[in-house]
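Coordinate analysis (summary)
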Amino acid sequence: MSAAGEMAEQELLSRLLIVRHGESVAMAEGIVGGPNGCRGLTERGRAQAAALRDRFAAGREPAVDVVYSSPLPRARETTDIVLPALGSGPERGKLDVHIRDDLEEMRLTPADGMTWEAARERFGFVQPMDQPYTEVIPGGESRAGFRHRVAQALNDIAAAHPAKTVFLGCHGGITSAAMAMAFGIAPSHRGVGVVTAVTSITELELLAFEGRRLWQVRRFNDAAHLAAVEAA
């Protein structure tokens with residue numbers, strides 16, 4: 001069968017636009033930004049989110065049907081800034097934001113609010129690629145546990161919104177875990193790591209093909225809109 005024939009038989013089950021937050025106060029100050037340590041965006045982070053909003057407002061992105069956000073302030077603030085440009089027709093700018101706790105960044109609860117330097121000195125982080133099933137710090141998540149949480153959340157969201165385009169305001173770690181899910185990479189795999197720019201878009205599609213569900217990466221770490229911010 002030709003490649004064109006194969007594409008014709010694919011059915012789009014869901015499209016996810018996974019968006020990392022803008023520069024945060026926690027990032028700028030070197031703080032572990034959990035629920036206690038996260039204080040939202042810097043002025044630069046708000047400008048980055050505004051550039052992303054303008055990108056959606058220009059109509060060069062898929063029309064968003066549903067909006068989700070991590071509960072952490074940096075992700076929620078980014079989502080709220082972009083929200084007026086999301087949706088289409090009479091729904092533009094009027095979509096509700098659904099908060100999901102399972103879209104949080106990796107949970108390092110005992111270190112939340114500490115500087116990264118102090119946290120490393122106190123806890124001695126486990127290298128997750130060496131011990132993927134061991135908590136990164138006592139009382140926190142393991143790499144495997146984090147990836148499982150994210151994969152379950154993304155699959156649940158996709159199933160809840162068939163044939164819809166979903167905006168997810170979240171974190172770099174969520175993007176990394178989503179890529180691992182899409183490519184079937186085990187938590188113990190040592191050769192893969194991804195770095196995402198602030199406010200970047202990673203687009204995943206869930207397809208039905210020959211009786212199977214297949215995740216497809218349409219694009220990764222698309223932050224072209226930041227050029228205007230960097231030039232300012």
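For the structure, see preceding data.
In this report, we go over the structure that sits alongside the text. For every chain, the first residue of its written sequence is number 1, and the numbers climb from 1 along that sequence. Note on the predicted model: pLDDT of at least 70 is required for a residue's local features to be given, and 80 or more for side-chain atom pairs to be given and counted; whole-chain, interface and lining totals, by contrast, use all residues. Excluded from the side-chain calculation are hydrogens and water; included are all heavy atoms of the structure.

1. Focus: the side chain of Thr199
Keep this limit in mind: Only DSSP runs of H or I reaching four residues or more are called helices, and only runs of E reaching two or more are called strands; each is numbered from the N terminus. Classification of residues uses two cut-offs on accessible area relative to the type maximum, computed with a 1.4 Å probe and protein chains only: under 20% is buried, over 50% is exposed, and between them is partly exposed. Contacts between residues were defined by any pair of non-hydrogen atoms, one from each residue, lying within 4.5 Å.
Mapped onto the elements of the fold, Thr199 is located in the loop between α7 (172-183) and β5 (201-209). On the accessibility criterion, Thr199 (0% relative accessible area) is buried. The contacts of Thr199, once residues within four sequence positions are left out, are Val19, Arg20, His21, Gly22, Gln48, Ala49, Leu52, Asp222, His225 and Leu226.

2. Observations concerning the pattern of salt bridges
For clarity, the cut-off: The term salt bridge refers to a pairing of a side-chain nitrogen on Lys or Arg with a carboxyl oxygen on Asp or Glu at a separation within 4 Å.
One pass over the structure, following the stated rule, counts 17 salt bridges. Between Arg15 and Glu203 there is a salt bridge, with the nearest N and O atoms lying 3.1 Å from each other. With Arg15 in strand β1 (residues 11-20) and Glu203 in strand β5, this residue pair connects regions lying 188 residues apart in the sequence. The pair Arg15 / Glu203 is uniform in exposure class, with both members buried. The salt bridge partner of Arg218 is Glu205, with a shortest N-O separation of 3.8 Å. In this pair, Arg218 sits in strand β6 (residues 212-222) while Glu205 sits in strand β5, placing the two residues 13 residues apart along the sequence. Judged by relative accessible area, which is 8%, Glu205 ranks as buried. Residues joined in a network through salt bridges with shared partners are Arg15, Arg55, Glu61, Glu203, Glu205, Arg218, Arg219 and Asp222.

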